[in-house]
Amino acid sequence: MQKIDVPVDHVLIKELDAWRESLDLENCLMNDSIHDYNGAIDKKEIMKQLSKEYLEEVVIPNEGNYDFGKTNLVDLNFQSASHSNIYESFSKYMTFDGFKLENPSGAFWYPKNGYMGWHSNADHDAYRLYAAWSEKGHQSFFRFRDPKTGNITTSWDKKGWTFRLFNCTSDEKVWHCVYSGGSRISLGFWYERIPTSV
């Protein structure tokens, strides 16, 4: 996993902020038919589910049941028309040599104590780019397991936008999870590696 620095005055940040400010999060939260967020979940229980021990003792031995992880979040429905300009912004500004933006993979709002449990996205061999906005720094995190060493790393969000890129494969699964101690919005995108030979 690598973090990607995007200057705070970059046009992409401005477009992401305009999109974020246009979201009616209060209305999303009031409409409980479109989300599974529960603000009463105990933080200790969440941290237990996001621990290394839970991953190694419960999730990995039963990985067929943990393709997407347990969640406590609000799905912002990335397929809606209101998000199309964000996809266009990423295809224009988030380009990498040897990679092609394939498609968006999710837009989520994590209110306080929101989380997404351990999962690997190994059903889709591609690179994954996450853009995450956090209300405050060092309050929300992206946690992942290195597929080679087995080491667990907790990568804290800074205040504002944080960008992370990592490879999802079925051979070397990057198990990962997310926790939010405040308001956190994330956008996911799939990038395919462009073949260099035929």
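Refer to the preceding data block for the structure.
Quantities reported herein were computed from a predicted structural model and do not represent experimental measurements. (Residues numbered from 1 in each chain as written. Predicted model: local features only at pLDDT ≥ 70, side-chain atom pairs only at ≥ 80, totals over all residues. Heavy atoms only, no water.)

Considerations on the packing of aromatic side chains
In this structure the tally under the stated criterion is 11 aromatic pairs. Here the aromatic rings of Phe96 and Phe99 are separated by 6.4 Å at their centres, their planes lie at 85°, and the arrangement is edge-to-face. Aromatic side chains Phe142 and Phe166 sit 5.4 Å apart centroid to centroid with 40° between the ring planes, which places their arrangement in the tilted category. With Phe142 in strand E7 (residues 140–145) and Phe166 in strand E9 (residues 160–168), the pair connects residues that are 24 residues apart, well separated along the chain. Considered together, Phe142 and Phe166 belong to a single accessibility category, that of buried residues. The ring of Trp133 is capped by Arg20, whose NZ or CZ atom sits 4.1 Å from the centre of that ring. One Lys or Arg, Arg184, reaches over the ring of Tyr110 and ends 5.5 Å from the middle of that ring. (Phe/Tyr/Trp six-rings, centres within 6.5 Å; stacked < 30°, edge-to-face > 60°. Helix = DSSP H or I, 4+ residues; strand = E, 2+ residues; numbered from the N terminus. Buried < 20%, exposed > 50% of the residue type's maximum accessible area, 1.4 Å probe, protein only. Lys NZ or Arg CZ within 6 Å of the ring centre and 35° of its normal.)

Digging into the sheet that holds E7
One open sheet holds the five strands; their spatial order is E2-E5-E10-E7-E8, and the pairing between them is antiparallel. Unpaired on one side and paired on the other, strand E2 (71–72) and strand E8 (152–156) mark the two borders of the sheet. Pairing between strand E5 (residues 114–119) and strand E10 (residues 176–180): four bridges, direction antiparallel. Bridge assignment links Gly114 to a residue of E10, and that residue is Ser180. (Pairing = 2+ DSSP bridges.)

Overview of the pattern of salt bridges
In total, this model carries six salt bridges according to the counting rule given. Between Arg184 and Asp157 there is a salt bridge, with its nearest N and O atoms 2.6 Å apart. In this pair, Arg184 is assigned in strand E11 (residues 184–193) and Asp157 in the loop between E8 and E9, connecting sequence segments 27 residues apart. Of the two residues examined, Arg184 and Asp157, each falls in the buried class. A single network of salt bridges, built from pairs that share partners, joins Asp17, Arg20 and Glu21. (Salt bridge = Lys/Arg side-chain N within 4 Å of Asp/Glu carboxyl O.)

Comments concerning the pairing of E10
Of all five residues in E10, five are buried; the element is thus mostly enclosed. Neither face of E10 is open: one carries His176, Val178 and Ser180, the other Cys177 and Tyr179, and all of them are buried. Looking at chain direction, E7 and E10 are connected through five bridges and run antiparallel. Paired with Ser140 across the bridge in E10 is Ser180.

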